[in-house]
Amino acid sequence: MSKKSLIINIICLLAIIPFSVIIQDLNIFKTILTLSITIIFISSFHHLSISQNINIQNNYNDSNLLSIFLQIIKIILILSGIYIILLYPLSLITSKILDIQSLSIIFLLSGLIIPFYPIIKVTNEYLEIKKINKINVLQLYYIINTIILIITSIFISLVFKLNTDTNNIILISSFILSGILTLTIIYLYLKKYKYLTIKNLLAQNKNHNKPKLTKIIMSESYISIITIIKNSYLYISIVYVYYILKNIYNYTSITITQIITNTYCYGLLVIITIALIIIYIIEKKYQLSNKQPKDINISAIYYRLAVILLPIIIIMIILSPALWTLLFNTNNYSYILVGLSIFLFFLIFYHITLKTLTTMKNKKISLIITSIGLIFKLIFTPPIIASFYRMGYPLVMGDVTSTIISYIIVIIIGNYFIQKTYKVPIFSNLEKILNIIYNNIILMVELILLQLIITINPTTRSKALLLIIIYSVIAIIFYAIRLYIAKRNKNRKKE
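The shown structure was predicted, so the numbers you read here are calculated from the model rather than taken from an experiment.

1. Some words on the overall build of the protein chain
Now for step 1: Looking only at helices and strands, the protein chain features 20 helices and zero strands.
Now for step 2: Burial status across the protein chain gives 49% buried among its 495 residues.
Now for step 3: Excluding contacts between residues fewer than 6 apart, the proportion of contacts in the protein chain whose partners are at least 24 apart in sequence is 80%.
Now for step 4: Total accessible area on the protein chain stands at roughly 24300 Å², and carbon and sulfur atoms take up 66% of it.

What follows is the structure in structure tokens.
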């Protein structure tokens, strides 16, 4: 990922903040539920790549490139059609489980979103290979998506006064409109510069040497299966939390939808934004995409992650009421940020582990390890939520905890196989990591004691910002002093 792509992704993700302000009085649970299942279907196209298939063909030329590109588009359209059909019975099953009406229309509409991202992604790759990408169409898609979503949310919340189902249908339709608009721009761009003409398309249709669809689908398909497993956690969490809270603990539907919206939409997108930045820093520094597992210094990566993540997580936990107020102008659900801050730590380790496993090309081990984590999530989420109920903690945090434990299982087993296969030293920096943990425990104690003097209970965004600045400055001073002491001790030892 380039720096420009990272910035655009961050801007688009953080658009959730004005979005939450605009639609604060609307129930968007059905949109979140529908998009969570749509993401799973989109994940099935993750492995489809022009570059990958060029390597398989071993005879790259312009005609072959166009042929592979069009074959992949054909696969996306065929599978998307199948998925739209599957979404209808899936909507009925979900509706029955959660006792929610009118899911069929919104599920079928969401099916129309499925082909846009993979088609635009493959088109962007095609333009990059041809070196004619004057515009990054994938980034363009993100920007258009965000703008149309914000405009749509303004209309349904401030201009029109419609019922909940209609609002959710319009929100889903905004994603369809974004896809159509982006594809229209791409078509006009290709047509203007004659990169893709009707003559070329007809010639490729008669081409008998074009790669077979099954060969393209099966090539590296395990990568998409792993991505499907990763993205299934969100849908499973939403279904579990809604069903358990409503049917076992008698929460009202409105309360549950508010909890889910704040946890798995607002809170999760903030966490993903932070995760993207940290992963970008790590991947840029250690070049994970271009190395074999035996060449990856996992111990150094884990040490660097501990240095970066631990102070961030401690500050986020301590300042969760102030941070949540600053972002969403309320601290009612600030406890969500506490759980998701811990989730952030293991999410990044989970990502690094899976990225290393997929470079091993050991499909069986990678699939088994990721499946074990998902199976644990499916089996143990209800009892973990029940234990949180007995302890008096927010029940949604029980679901977050089950995901964290699932990630820990994958991290432990995955690193065991990486170490066993490549004899990579994973804990060679353990002493340094323990020292980092010790320093951060001291930081946490100091910030907790500071709360006795400066309480964290903001009522406005300005007060929240002031608290964040004060606590952050104190944390920076603490680290500067610790760094100075460590440097002085190091110099004394040299003497």
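2. Re the packing of aromatic side chains
Now for step 1: A full pass over the atoms with the stated rule returns 19 aromatic pairs.
Now for step 2: Measuring from centroid to centroid gives 4.5 Å for Tyr249 and Tyr389, while their planes differ by 35°, and the two rings are tilted. Here the residue Tyr249 occupies a position in the loop between helix 12 (221-247) and helix 13 (253-286), and Tyr389 occupies one in helix 17 (residues 363-391), the gap between them amounting to 140 residues.
Now for step 3: By relative accessible area, Tyr249 is classed as buried at 16%.

3. What about unusual backbone geometry?
With the exception of glycine, the majority of residues adopt a negative phi angle, and the majority of peptide bonds are in the trans configuration.
Now for step 1: Even without being a glycine, Ser102 presents a positive backbone phi close to 60°.
Now for step 2: Structurally, the position occupied by Ser102 is in the loop between helix 5 (62-98) and helix 6 (104-111).
Now for step 3: Residue Asn329 is not a glycine yet carries a positive backbone phi of 60°.
Now for step 4: Counting through the fold element by element, Asn329 comes out in the loop between helix 15 (320-328) and helix 16 (335-359).

4. Regarding the packing of helix 13 against helix 15
Now for step 1: Between helix 13 and helix 15, the least distance of the axes is 12 Å, while the angle of their chain directions is 95°. It follows from the interaxial angle that helix 13 and helix 15 lie roughly perpendicular. Along the contact surface, helix 13 presents Asn262, Tyr266, Gly267 and Val270, while helix 15 presents Trp324, Leu327 and Phe328.
Now for step 2: Looking at the contact of helix 13 with helix 15 residue by residue, the class counts come to five nonpolar, two polar and no charged.

5. Focus: helix 16
Now for step 1: Taking 1.5 Å of rise per residue, 25 residues should cover 36 Å, and helix 16 covers 37 Å from first to last C-alpha, within 8% of that figure.
Now for step 2: Across the 25 residues that make up helix 16, a large majority, 18, are buried.

6. Comments concerning the nonpolar core
Now for step 1: Core analysis: the biggest nonpolar cluster contains 149 residues, and Leu33, Tyr302, Leu305, Leu309, Phe343 and Ile348 have the highest contact counts within it.
Now for step 2: It is helix 13 that provides the largest number of residues to this core, a total of 15 residues.
Now for step 3: Excluding residues within four positions of it along the chain, Leu305 makes contact with Ile278, Ile282, Leu310, Ile348, Phe349 and Ile352.

7. Some thoughts on the packing of helix 3 (residues 29-43) against helix 6
Now for step 1: Taken N-terminus to C-terminus, the directions of helix 3 and helix 6 make an angle of 45°; their axes are 10 Å apart at the nearest point. The angle between helix 3 and helix 6 places the two elements in the oblique class. Where helix 3 crosses over helix 6, the handedness of that crossing is right-handed. Together, Lys30, Thr31, Leu33, Thr34, Ile37 and Thr38 of helix 3 and Ile106, Phe107 and Ser110 of helix 6 make up the contact between the two elements.
Now for step 2: Looking at the contact of helix 3 with helix 6, its residues break down into four nonpolar, four polar and one charged.

8. Observations concerning the environment of Leu65
Now for step 1: Structurally, Leu65 is set in helix 5.
Now for step 2: In this structure the C-alpha to C-alpha distance between Leu65 and Tyr126, which are 61 residues apart in sequence, comes to 7.8 Å.

9. Here we look at helix 9 (residues 164-192)
Since one α-helical turn is 3.6 residues long, residues separated by three or four positions face the same way.
Now for step 1: Given a rise of 1.5 Å per residue, 29 residues ought to cover 42 Å, and the 42 Å separating the end C-alpha atoms of helix 9 matches this to within 8%.
Now for step 2: Measuring from the side-chain oxygen of the N-cap residue of helix 9 to the backbone nitrogen of Asp165 gives 3.3 Å; that N-cap residue is Asn163.

10. Side note on the pattern of salt bridges
Now for step 1: One pass over the structure, following the stated rule, counts four salt bridges.
Now for step 2: A salt bridge links Asp165 to Lys30; the shortest N-O distance between them is 2.5 Å. In this pair, Asp165 sits in helix 9 while Lys30 sits in helix 3, placing the two residues 135 residues apart along the sequence.
Now for step 3: The buried category is assigned to Lys30, whose relative accessible area is 11%.
Now for step 4: Between Glu283 and Lys355 there is a salt bridge, and its shortest N-O distance comes to 3.7 Å. Remark: Lys355 occurs in helix 16 and Glu283 occurs in helix 13; sequence separation between them is 72 residues.

Scoring rules and cut-offs
- Residues numbered from 1 in each chain as written.
- Predicted model: local features only at pLDDT ≥ 70, side-chain atom pairs only at ≥ 80, totals over all residues.
- Heavy atoms only, no water.
- Helix = DSSP H or I, 4+ residues; strand = E, 2+ residues; numbered from the N terminus.
- Buried < 20%, exposed > 50% of the residue type's maximum accessible area, 1.4 Å probe, protein only.
- Contact = heavy atoms within 4.5 Å.
- Areas by Shrake-Rupley, 256 points an atom, 1.4 Å probe, with all protein chains shown as cover.
- Phe/Tyr/Trp six-rings, centres within 6.5 Å; stacked < 30°, edge-to-face > 60°.
- Axes fitted to C-alpha atoms, helices over the stretch in contact; angles between N-to-C directions.
- Parallel < 35°, antiparallel > 145°, perpendicular 65-115°, else oblique.
- Nonpolar A, V, L, I, M, F, W, Y, C, P; charged D, E, K, R; others polar.
- Expected span 1.5 Å × (residues − 1).
- Core = buried A, V, L, I, M, F, W, Y, C linked by side-chain atoms within 4.5 Å.
- Left-handed = near helix turned anticlockwise from the far one by under 90°.
- Polar contact = N/O pair within 3.5 Å; in protein donor to acceptor, adjacent residues only side chain to side chain.
- Salt bridge = Lys/Arg side-chain N within 4 Å of Asp/Glu carboxyl O.

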